[in-house]
Structures are given as structure tokens and as C-alpha cells.
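Working through the structure, step by step
So you can see what is in the structure, the chains are spelled out below.
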Amino acid sequence: MKYNGIITPMLTPFNHKGEIDYSSIDTLVKYLKSIGVSGIFPSSSTGLFPFLSTNERKKMLERVLENSGSIKVFAGIGAADTDSSINLAKHARDVGANGVVLMPSYYITSSQEWIINHFEKVLKAVDIDLIIYNNPKTTGTNIELKTLEHLKSNYSQVLGIKDSTGDMRYFERLLFLKDSNFSVFQGEDDLMFISLMIGADGGVCAISNFSEDVVNLYNSYTSDDLEKTRTLQKRINGMMDILLLSNFPAMFYYAFYRKFNIKGGYRDPMVRPSKKVAEKILDFIKVV
């Protein structure tokens, strides 16, 4: 199946004790349905998946699926070891997720040989659609094109890639892998316009947790309204400049909590952004 549009790397709402706030998950999923995202990606980087236990990740996925309706759900199965990713992938398949998102293992930096071994073990163990996630900032290594070509050509369930390198030369080369069964997604919100212009299928965009601007940008581009697309990209860039004034992803949580008037919390070691920095984002948030 060919995937496109805007997928939300869903944040994980917490209460003031740092526990997962399941009612706020419901609020977020309802909002994402209302703005028309194409997919939801729980246990993402924005969702702080390394801070969550395996049981928490499974429970959160089940809660998202209870409320997702017709929106595709792609479960993040990233882990520091392959067996944990297989465990999460089997659970995602069993509870009805549409697909999974997998990055190379992290902390111990992987070679390309290790990356292939990691992905192949998961792909052989579980028959489910898989989107590759390339984020060398967190894994310590970039997935080379020849590695992607190997996985794509040998495993039919490999249906796309989310690229968060920010390297447009690399991204442009990824587009040569596109076909009727393989999608290329931009993972950097501030590169959406140029990425769509050169052929991206969509984006996995964190600001869609609290802003519909990136969904509107995708829709305006696909409707050939380039002037509106350009205007929206400029607004998104301004938003991203402010969101990254604090350690990622703390400001995304602050923006989400403020938008929905949630007295949310932050899981340690993440801390709430300073008031001086945080309030800069308020001009970009439309209160519901």
C-alpha cells in the first residue's frame, strides 16, 4: 500500500507526576482526526519512546487504536536491541496497527552490516508494513543508500522511509527509490515545501501535535496553491525557530498543553521550558 500525506509523530502526554495521561491521549487523537492527518505514529522521538517502558508503549498503542478510526496507525518499535523491536512489532501486529516504524539500534553505534541484520531479523519475524526511520542525530549513524536499496528490494513489506537528516542532497537521492509501493517522507517540518517540490510523498511532522499548519501546507501544495504553501512554510519556520530554543521536545509538550488547557507534566529528565522562552510560542497557537 502506498502511503502519503502528513503523519504525526505523536507526543506522549504526562500528568504532573510524570505518568502517562491517557485521557490527554484521547484529546490528541481526536484533534489529529479533526485536522486530517494521514497517520499517527506513537512511540516516536517526539513521544520520548526511550523514556517509556515496554508495557507503557504497548498500552499507549492500544489506547490510540481504540480512538483512531480510519486514520492509519504506525507503531514506533525502535529499541537499543533487536529482540525488543521484534517484541513490539509482534504486539503492534496483534492489536491491529497498520504498520511499524523502525530505526537502527542506538547507543552502541551500528555499522551498515549491523543495520541490515537488525532490520532483517524484524522483517523475518513479523509480517507487517514497515517504514524505515533514518535519524543519525539519535542513532549515531546514517543509513546508506545501498543499505536502503537492499532492504527495499528484498522485503516487500518495506514501504517507505522517514528521513530526519536535514540533508537535502541525501533526501534528493532517496527520491530515486520512490515507486508505487515505496514512499519517501520528510522528517523536518521546516523543509516540507522544498521536499514536496522535488517529489516527497509527505512528512512526519511534530508540529501537527498542536498546529494544523503543516496539514494545510500539504493540502495547499497538492491543490497547486504555491503562494499559500510558501506563506505557510514561512510561518512554520518561525514556529520551529521558537520550539527549538529549548531542548527538544520540551517546547512541543508546552505548546500542546497550552493549546488544550491541560495541566500536563514532563517525564524526568525532561524539564519544563522557562517561562521567558515558552511564551514565545503562544502567538502560533490557536486556542480550541
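Along each chain, residues carry numbers from 1 onward, in the same order as the chain's sequence is written. Reporting of local features is limited, given that this is a predicted model, to residues whose pLDDT is at least 70; pairs of side-chain atoms are given and counted only at 80 or more, and all residues count toward the totals for whole chains, interfaces and linings. Water and hydrogen atoms play no part in the side-chain values, which are based on all heavy atoms of the structure.

1. Structural notes on the overall build of the chain
Each helix is a run of H or I in the DSSP string that is no shorter than four residues. Each strand is a run of E no shorter than two, and both are numbered from the N terminus. Within the chain, the regular secondary structure consists of twelve helices and eight strands. We compute the radius of gyration over the C-alpha atoms and compare it with the globule rule, which gives 2.2 Å times the number of residues raised to the power 0.38. In terms of overall size, the chain behaves like a compact globule, its C-alpha atoms giving a radius of gyration of 18 Å where 288 residues would be expected to give roughly 19 Å. Oriented by its inertia axes, the alpha-carbon framework of the chain measures out at about 50 × 45 × 35 Å. Restricting the contact set of the chain to residue pairs at least 6 apart, pairs at least 24 apart contribute 71%. With the model as given, the accessible surface of the chain reaches about 12,600 Å², and the carbon-plus-sulfur share is 48%. Positive charges come from Lys and Arg alone, negative charges from Asp and Glu alone, with His and the N- and C-terminal ends not counted. In plain terms, the charge of a residue is placed at NZ if it is Lys, CZ if Arg, CG if Asp and CD if Glu. Looking at the chain, you have 33 positive and 32 negative side-chain charges, and the mean spots of the two groups are 5 Å apart. Note on definitions: a residue-residue contact is assigned when non-hydrogen atoms from the two residues lie within 4.5 Å. Surface accessibility in these figures is a Shrake-Rupley result with a 1.4 Å probe; residues are shielded only by whichever protein chains are displayed.

2. Observations concerning the sheet that holds strand β6 (residues 158-163)
Two strands qualify as a pair provided DSSP detects at least 2 bridges between them. Pairing in this closed barrel of eight strands is parallel, and the strands run β1-β2-β3-β4-β5-β6-β7-β8 around the ring. Across the sheet, the mean angle separating the axes of adjacent strands is 25° when strand polarity is ignored. Two strands pair when backbone bridges link them, and β6 and strand β7 (residues 183-186) are joined in this way by four bridges, in the parallel orientation. Note on β7: the bridge partner recorded for Gly160 is Ser183. The angle between two axes is taken between their N-to-C directions and runs from 0 to 180 degrees, where each axis is a line fitted to C-alpha atoms and a helix contributes only its stretch in contact.

3. Comments concerning helix α4 (residues 112-125)
Since the α-helix advances by 3.6 residues per turn, residues separated by three or four positions end up pointing in the same direction. To estimate the expected span of a helix, count its residues, drop one, and scale the result by 1.5 Å. For α4, which comprises 14 residues, the first-to-last C-alpha distance of 20 Å matches the rise-based estimate of 20 Å (1.5 Å per residue) to within 8%. Relative accessibility decides the category of a residue: with a 1.4 Å probe and only protein chains considered, values under 20% of the type maximum give buried, values over 50% give exposed, and everything between is partly exposed. For α4, the set of buried residues is Gln112, Ile115, His118, Phe119, Glu120, Val122 and Leu123. Tucked inside the fold, the buried residues of α4 contact α3 (82-95), β4 (99-102), β5 (129-134), α6 (145-154) and β6.

4. Comments concerning α3
With 14 residues, α3 should cover 20 Å at 1.5 Å per step; its first-to-last C-alpha distance of 20 Å lies within 8% of that length. Turning to α3, its buried residues number three or more, namely Thr82, Ser85, Ile86, Leu88, Ala89, His91 and Ala92. In the analysis that follows, any N or O atom pair within 3.5 Å is treated as a polar contact, provided that within protein one partner can donate a hydrogen and the other can accept it, and provided that, for residues neighboring in sequence, both atoms belong to side chains. One side-chain oxygen at the N-terminal end of α3 lies 3.4 Å from the backbone nitrogen of Asp83; it belongs to Asp81. Trailing α3 by a residue or two, Gly96 shows a phi angle of about 100°, which is positive.

5. Digging into the packing of aromatic side chains
A pair of Phe, Tyr and Trp rings is counted when the ring centres sit within 6.5 Å of each other, with Trp represented by its six-membered ring. The angle between the planes then sorts it: under 30 degrees is stacked, over 60 is edge-to-face, the rest tilted. Applying the stated criterion across every chain yields a total of eleven aromatic pairs. Ring geometry for Phe49 against Tyr106: centres 5.9 Å apart, planes inclined by 75°, an arrangement best described as edge-to-face. Note that Phe49 is positioned in the loop between β2 (39-41) and α2 (54-67) and Tyr106 in the loop between β4 and α4, a separation of 57 residues in sequence. Ring geometry for Tyr257 and Tyr266: centres 5.7 Å apart, planes at 85°, overall edge-to-face. Given a relative accessible area of 14%, Tyr266 falls into the buried group.

6. Considering the packing of helix α9 (residues 213-222) against helix α10 (residues 226-243)
Helices that pack against each other are described as a pair by the angle of their axes relative to one another and the distance between those axes. α10 packs onto α9 with a crossing angle of 155° between their chain directions and a minimal axis gap of 8 Å. As far as their axial angle goes, α10 and α9 are roughly antiparallel. Note that α9 runs across α10; the crossing there is left-handed. Here Asp213, Val214, Asn216, Leu217, Ser220 and Tyr221 of α9 lie close against α10, whose contacting residues are Leu226, Lys228, Thr229, Leu232, Gln233, Arg235, Ile236 and Met239. Polar here means any residue other than Ala, Val, Leu, Ile, Met, Phe, Trp, Tyr, Cys and Pro, which are nonpolar, and Asp, Glu, Lys and Arg, which are charged; Gly is therefore polar. When its residues are assigned to classes, the contact of α9 with α10 shows seven nonpolar, four polar and three charged. Here roughly perpendicular refers to angles of 65 to 115 degrees, roughly parallel to angles under 35, roughly antiparallel to angles over 145, and oblique to all remaining angles. The sense of a crossing depends on the near helix, which, turned anticlockwise from the far helix by less than a right angle, makes the crossing left-handed and, turned clockwise, makes it right-handed.

7. Details of the side chain of Asn135
You can see Asn135 is positioned in the loop between β5 and α5 (136-139). Using a relative accessible area of 5% as the deciding quantity, one classes Asn135 as buried. A distance of 2.9 Å separates a polar atom in the side chain of Asn135 from a polar atom in the side chain of Tyr133.

8. Focus: the packing of α3 against α4
The geometry of α3 relative to α4 is characterised by a closest axis approach of 9 Å and an angle of 30° between their N-to-C directions. Taken as a pair, α3 and α4 cross one another with a handedness that is right-handed. Contacts from Thr82, Ser85, Ile86, Ala89, Lys90 and Arg93 of α3 reach α4 at His118, Lys121, Val122 and Ala125.

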